[in-house]
Structures are given as C-alpha cells and as structure tokens.
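The primary structure of each chain is shown beneath.
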Amino acid sequence: MPEEVQVKEILSSLNLLSQHEGTFEIRIIRDDGICSGYFSDLEKAATDILRYDADSKVSGIYVTLNDVDPALLARRANRIKFRLGKKDASTGDADIIRRRWLPIDIDPCRPSGVSSSESEHADALCRADTIAEFLTESGWPKPIIADSGNGAHLLYRIDLANNDESKTLVKSVLEFLDRRFSDSRSTVDTANFNASRIWKVYGTLSRKGDNLPERPHRRSKLLSGPLEPDSSDHLVGEEQIQQLLSSEKSELPSCSNVASNDLKSDARIDLGSWLLEHQLTCTEKPYKGGRIFVLDACPFSSAHTDGAYAIQFENGAIFAGCHHTSCGSGKQRWSELRAMFEPPKLDVETRLARRRSERIRAKMEAEGRLPATEYEIAQAKALYEAAGPVESASDFSKDKQNEIDEKIVSMSTGILESSDPLLFMLETFASVHEGDQTVAECLIHSLASRSVINSKGLHVSITGESGKGKSHAIETMKSLVPKKFRLEGRLSDKALFYMEDLSAGSVITLDDVSLSDQMQEILKGVTTSFQKPFPYRTVNKDRKAETYMIPERCVWWIAKVEGPGDDQVFNRMLTCWIDDSDEQDKRVLDRTLTGAENLPDASGPEPEEVLVCRQIWESLSPVWVVIPYATKIRFQSAENRRNPDMLLDLVRTNAALNQRQRETKTIGSVTCVIADRTDFVEAARLFAMLNGETGAQANKLTKRESKLIGILSSMNQSEVTIGDLQHASGLTNSSVGKLLHGYHSYGKTYSGLLDKCPAVSFLDRTVTSGDEGCSTMRRSRVYLWDAALYKAWEKGGSV
C-alpha cells in the first residue's frame, strides 16, 4: 500500500474512533515489549503509527476507544515511548470519562498465536454481517463494519457514563450475542466490556505468528458503515439495549416452559452426548443452571446456518429451537430434532407383526421355498387382505413401484427445499467411495454447472498415480446421475460427433488415456462453447461437406496419471488430486476387507440414496445466477484469466444447487437466483482447497511436484543438489531429475518445476577435488531456491 494512502486510512481511523477530539492512547504490542504514547494531535499520531507499522517485530497497533482523562497527555505527550518500564502506566478503567463505543469482536476459532486462514477469515466476516443484520432488524442503527486482519469488528456508537451499570449492560450484550451466534468456527469475544478497552487502528498490519501463504498477515481496514462523526441518528440508546436483552428472555425458554411430558421422556438423555453421537457440532455454554448448545448449523433449514440451539435444564428437560422466524422463532422443536436422527417408534401391534413376518421370511428362505422378492409381494398381499380385495402380483408390483417413485420425489424435494443437496450427495458418494471428498465436490459442481444459464461450464481433471481410485471416484459419481446423461465405455475422437443418443448435459469421461492432438482441440472447442452445440465439419465418403454436433452443456471429466497434457486444455478445468497417501491406502483396504464380510443388500441393486440423488438432478431448473457482491471479490493474482471465471462459476453452482432456498426474480421467462454470502464462502473454501491441500488450480503442479516444492521450502537452503533432494524425499535420482527438468515420452514433452516455478533455477559448476598436484575436475549441477520469490508466486491462488 502506498505510504500516502496508508496515512490517509490511519487518519480516518483515528478521526472516527477518537471523534470526541480529546486525548487518546496509542499502544503498540511488540515481540519484546509494549510501546505507548498519549496524543491530542491526530497527524502526529498517524506519522508515528506509520513508522512502527513497518517494524516486523510489531504484532499490532491499538487505540483507546472511549474518552480518556486529558490529564494523561502529560504522561507521554504526542510521542511514543519505546518499551514501557514497570513504573510506566497505561490507561485503566478509572481513567475513562465516558463510554462512546460498544465494540463487538468476531474472532475465528484457531490455534493461538497464528493468523487466520482465508476460509476462517471469510467465516468471521460473514458472521459479522449476520450479527449486524440481526441487530438492525432489532431496531439498532447500522454499525461500522471493519476487517481486523484476522476476523471482523462491529462498532456501535453509545453515550453512557462510565459506571458499573454501563459495564454490566455492555457485558450482557456481548454475552447475549455470544450465546446466539458463537459456534466452533467463530466466536464473539465477551471480554471487551471494560471501559479502557484498546482497539485495532485500521490501516495497520495484523501480525500473528509467521506470515505463511495459508495463514497470511493482513492489513486491517474499515469496510462500511456511518463514518461521519457525532451523529445522534447512529447512537444506540440504553433503552434499545435493554429491549434487546429482554427479547432473549422471551425467546429462550425457562424450565417452567417445558411441558411435563417432555420432562419425563427426556430426563434420562444426556443432550451433549446425544448431539455428539449424531454428529451435530456445537458450542456448549452454561445456562440457568443447565447447559445451552449453540449448533454450528441449523438442522431445521439450510437457508441459514446460525440461530439453532438446544437446552438441557438442570432437571433434565430439553428444549430445541431456532431464533429465525422462518424456523419457528423459538418454537419447541425437540421432538422434530429427535425424529430426524432416531428411527420412529412403532406401536406394539406393528412391532409384533414385523417380528412374526421376519421369522416367517427367515424360515422360508432357509428352506429355499421362496425368493425374497416374491416373499415381499406375498407378505404385502397378506397385509392388504383385511382391507379389501387383493390385487394380482403384477398389479401390486406396479403400485409398489409408484409408491417408491413418489417417495423418492418427496425426499428429493425436501432436500432441495430445506436441507443441503451438496452434503447429501457427498454423503451418498462416501457410502461407496472412501475419501476424496474434494474430488467429489468438484464433480458435483461440474454437474450443477449444467443448470446455470450464465455458466461457462466446470470441467474436472483428476490426477494421481495409477490404481489409486480415480476411475472408481468418477464411476461412483456417474452412478448418481440419471442414465440418460451417462456416456458409458471408451470412445474415439470422432465417435462423439456421430453418436445419435448423446444428450445435452451429458457427462463425458476420459479415463487414463493419452489425449490425441485432435481430442485436445475438441476439448478446447467444447469447453469454450459450453452453452451452445459445438459443430464439427468434415467430408463423407463422397467428399461432400457434412456438419456434426456435440450437444450443449456437456461436462468433461478427465482422469489421468500424474501431469502430462496440454496446458491450454487443463487451464480450463478444475484441477484436483486423488488422495494417494498411505493413510488413504489403509482406509481403502479396511473398507475392502469389511465389504467382503457383508451379505447382499436386500433393498435391491440400487440404494434409495442413489435414486434420490438422480431425482435431485432431474428436479433442478435452469437458472441465471446473479452475484450481487461480485465486484467486491479480490484475487491475489489475475495471471490466469480463467481462474476468476471458475471461482464465479463455483459461486453460481452453489446457488443453483440451493435455488429453492435463495431469493429469486423472474425476468421474462428466465428465473434469476440471487447468490448469497454463503455461496461465496463455500466457493472460496473449495477454491482454497484446490490451491493447497488437494489441487493446484493456480500453478498446475502435479501432486509429486507440489511435494518436492514443499521439501525445497522446508529445507530453507539457497542451494541444493539432486542428492540432497533424494535424501529428503526418498525418490530415485531419475525421478527427482524428471520432476525438476520434465521429460519426453511417446513423442511428447512434459515440463518440470524449472519451467513451472520461477523460484527454482539451476547452475552448472566445475568442482576441483584432491591434493595439490593430483586434483580432479568434474562438472556439478546445483539447484537454486529463492524463498521470497516462492512466497509471492505461491499466493497466486488466494481469493
């Protein structure tokens, strides 16, 4: 950031936070101590702050929020003292004349002493928007919203005396917001109630731990809000605060509000253990002698994530609900929550009939007198005899199939309207294929791009060693797609154009094949022409011109062994790695061995979840997705112009999957879906994964190349030899050489790290060894590593 721009931002921050134009303290936290000064001169303060902000030993620069006693200026008047001694005092609560701000700090959960990751940072900013929206709906004015560098800030103007009553009031607000909005991802800091609280000076750098690409140091900044000083329109009055606190008392129940029958049935349940057993992640806090569990995600609706909670009172009674109006606004929903995760209780008569039926079935199958499918028909006919005439076996089979179809449609509709379609499909995928969830996410988003009218198409390239599950992952995901969109078997280059049964929106897979020059040109064409058919012009045997078409909106999934291919092709694709780790190998083996012990599934060849996934794809409507915050998205690097399009398409596909839970508008005959902040957070999370742990979207490295780069970085040496890398990686001399220099195979040249990463270079030297008069000269090659250049290059995938 240019110095004049930074000074201007720091001045704006000081002018805003100290708008009483009195005395304020600047406090600087360094690795080796604390620096402090008192100021009445804003420009002098900004100049000193700028100087200290450039010091890498400074972790943060702060200012007092509330009115400081002017007499304290004499301690260190318009100057900063380097490293305070034991006798040097700083501002205490008794030194504050009046409270001017109610500060809300939303901090992402992470290990102490480190900066937040991109996804953690984004989650905190999203949580701040949610809290601000809630408080605005509660009658509060709009706050100042700021980026603290690691999390998010909300600042509300107040005008309260500095006494015990105002301290209790501010503390109660923070605790209320903590109970309502904190979870295992982000929390509201409840310690910010003291009057002498210091606050981040916006425009300065937040340095926690080392500056790593995955946990970078960021500059704090003001984002939005009423920035004009001393406007009474933006004050939060004491009465508004009291109304907010009293609203919680009416929303959250007390033990006396829980019905006695609920108390009898729930008293023996340990709610914390029950939530853990059913994988409902939450944050636990004390509440009125019992415990309140703030759920990380609302189980009643996927239209929002916050607001859901469950309470177990001191006497064991349980209450569950959600604050959102669309979710019952605090209505008791414990019975509904239990029903989601526990099998329904059958009446005594039904349970006895089921036991008798199971015994008869086991006996008849053991005697070989009746196949299972015929038995089900016979039993169903017997059950219907009491109600009237019995249909024939074929009629009953049709009725049964219609009943199943209705059930599948109903289940898919419920998931699309009030649950998480992406999560459901990922769980179904995981029931068949071990691990590789990021690969599965990419494939699902690729499928969803077919339903987005303004998508440029998402295609997927999966790389990894042979035999590690690439083909199985693709086949598993294809099984969740309706048959009319699945193209089975292998195909030649020209077969695509001559296939009469190729539907628009088909999934085309190329599995561990070397792409011919013609196929690569076809891929470039069809990925560019996603929303319209791709023409292929040729001549027939009579030398007459003919035009064939590949239909529109087809998605391409390519599974290939490490690396090779045309960069222009794979730049157009989501690039992900299959998990080929030793841990994954062990998990796959365990699943294989366990599967060998299982009996066949009596429910039929295709599980119900698979049929539901297919119906979800059938039920999605084509939509135009609007991203209202698109101009606010920032990329660390714009070098590959296709990556921004891919990120935007990930936002669009996330919104399209949740189209029945998003705001919509109709323009003519086109349905427009408005993407919300959650769609960006999910897209940014996946994009970060594809530029880190499970892919190389920005730099297009293979997994083995990425590992070697990681070894080079961890060695922290400016020069290394192939022998050094052999020892550190466990690879052969030939393998390391190929990874660095690339190689030739079947007439094709595949580039290595020296072509891909600017931080790696090499130098040929002549080395002399031996004693004087009997020396030997030989050539030696060393590889040079530029750590600073690597850090700049590696950040190319941040968004």
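Enquirer: Help me understand the overall build of the protein in this model?
Expert: If you tally the helices and strands in the protein, you get 26 helices and 30 strands. Relative to its 799 residues, the protein shows a buried fraction of 45%. Within the protein, counting contacts between residues at least 6 apart in sequence, those at least 24 apart form 69% of the total. Looking at the protein as shown, the accessible area adds up to about 39900 Å², and 50% of this sits on carbon and sulfur atoms.

Enquirer: Would you take a moment to explain unusual backbone geometry for this structure?
Expert: Phi is mostly negative for residues that are not glycine, and the peptide bonds are mostly trans. Its identity is not glycine, yet Arg83 carries a phi of approximately 60°, on the positive side. With respect to the helices and strands, the residue Arg83 is situated in the loop between strand 4 (67-68) and strand 5 (96-108). Positioned with a positive phi, Arg553 is a non-glycine residue whose angle comes to about 60°. With respect to the helices and strands, Arg553 occurs in the loop between strand 20 (545-550) and strand 21 (555-560).

Enquirer: Help me understand the confidence of the model for the protein in this model?
Expert: Interpretation of the predicted coordinates at a detailed level should be avoided for regions scoring low in pLDDT. Of the residues in the protein, 76% reach a pLDDT of 70 or more, and the chain-wide mean stands at 78. Taken as a whole, residues 259-265 scores under 50 in pLDDT and shows six contacts with residues more than four places along the chain or in a different chain. The model gives residues 383-401 a pLDDT under 50, and that stretch makes eleven contacts with residues more than four places away or in other chains.

Enquirer: What am I meant to see in the sheet that holds strand 13 (residues 282-287) here?
Expert: Sheets are built from strands paired through backbone hydrogen bonds, the pairs being either parallel or antiparallel. Taking strand neighbours across the sheet as the criterion, the four strands line up as 13-14-15-16 in an open arrangement whose pairing is antiparallel. The open sheet has two free edges, formed respectively by strand 13 and strand 16 (318-322), since each of these has just one partner strand. Adjacent strand axes in the sheet meet at a mean angle of 20°, parallel and antiparallel pairs treated alike. In terms of strand pairing, strand 15 (residues 308-312) meets strand 16 through five bridges, oriented antiparallel. Among the inter-strand pairings, Tyr309 is bridged to a residue of strand 16, identified as Gly321.

Enquirer: Honestly, the pattern of salt bridges in this entry has me stumped. Any pointers?
Expert: Two side chains of opposite charge can pair, provided their charged atoms sit close to one another. For the structure shown, the criterion picks out 35 salt bridges. Put simply, Glu682 and Arg685 hold a salt bridge, and the shortest N to O gap is 3.0 Å. With Glu682 and Arg685 both in helix 21 (residues 677-690) and three residues apart, this pair spans about one turn of that helix. What makes Glu682 partly exposed here is its relative accessible area of 27%. For Arg685, a relative accessible area of 26% puts it in the partly exposed group.

Enquirer: When you look at the packing of aromatic side chains in this model, what are you seeing that I'm missing?
Expert: For any pair of aromatic rings, geometry is given as the distance between the ring centres together with the angle between the planes. For the structure shown, the criterion picks out nine aromatic pairs. Plain terms: the ring middles of Trp274 and Phe341 are 6.0 Å apart, the flat faces sit at 90° to each other, and that makes the pair edge-to-face. Of this pair, Trp274 sits in helix 7 (residues 271-277) while Phe341 sits in helix 8 (residues 334-341), placing them 67 residues apart in sequence. Given a relative accessible area of 30%, Phe341 falls into the partly exposed group.

What counts and how
Residues numbered from 1 in each chain as written. Predicted model: local features only at pLDDT ≥ 70, side-chain atom pairs only at ≥ 80, totals over all residues. Heavy atoms only, no water. Helix = DSSP H or I, 4+ residues; strand = E, 2+ residues; numbered from the N terminus. Buried < 20%, exposed > 50% of the residue type's maximum accessible area, 1.4 Å probe, protein only. Contact = heavy atoms within 4.5 Å. Areas by Shrake-Rupley, 256 points an atom, 1.4 Å probe, with all protein chains shown as cover. pLDDT = per-residue confidence, 0-100. Pairing = 2+ DSSP bridges. Axes fitted to C-alpha atoms, helices over the stretch in contact; angles between N-to-C directions. Salt bridge = Lys/Arg side-chain N within 4 Å of Asp/Glu carboxyl O. Phe/Tyr/Trp six-rings, centres within 6.5 Å; stacked < 30°, edge-to-face > 60°.

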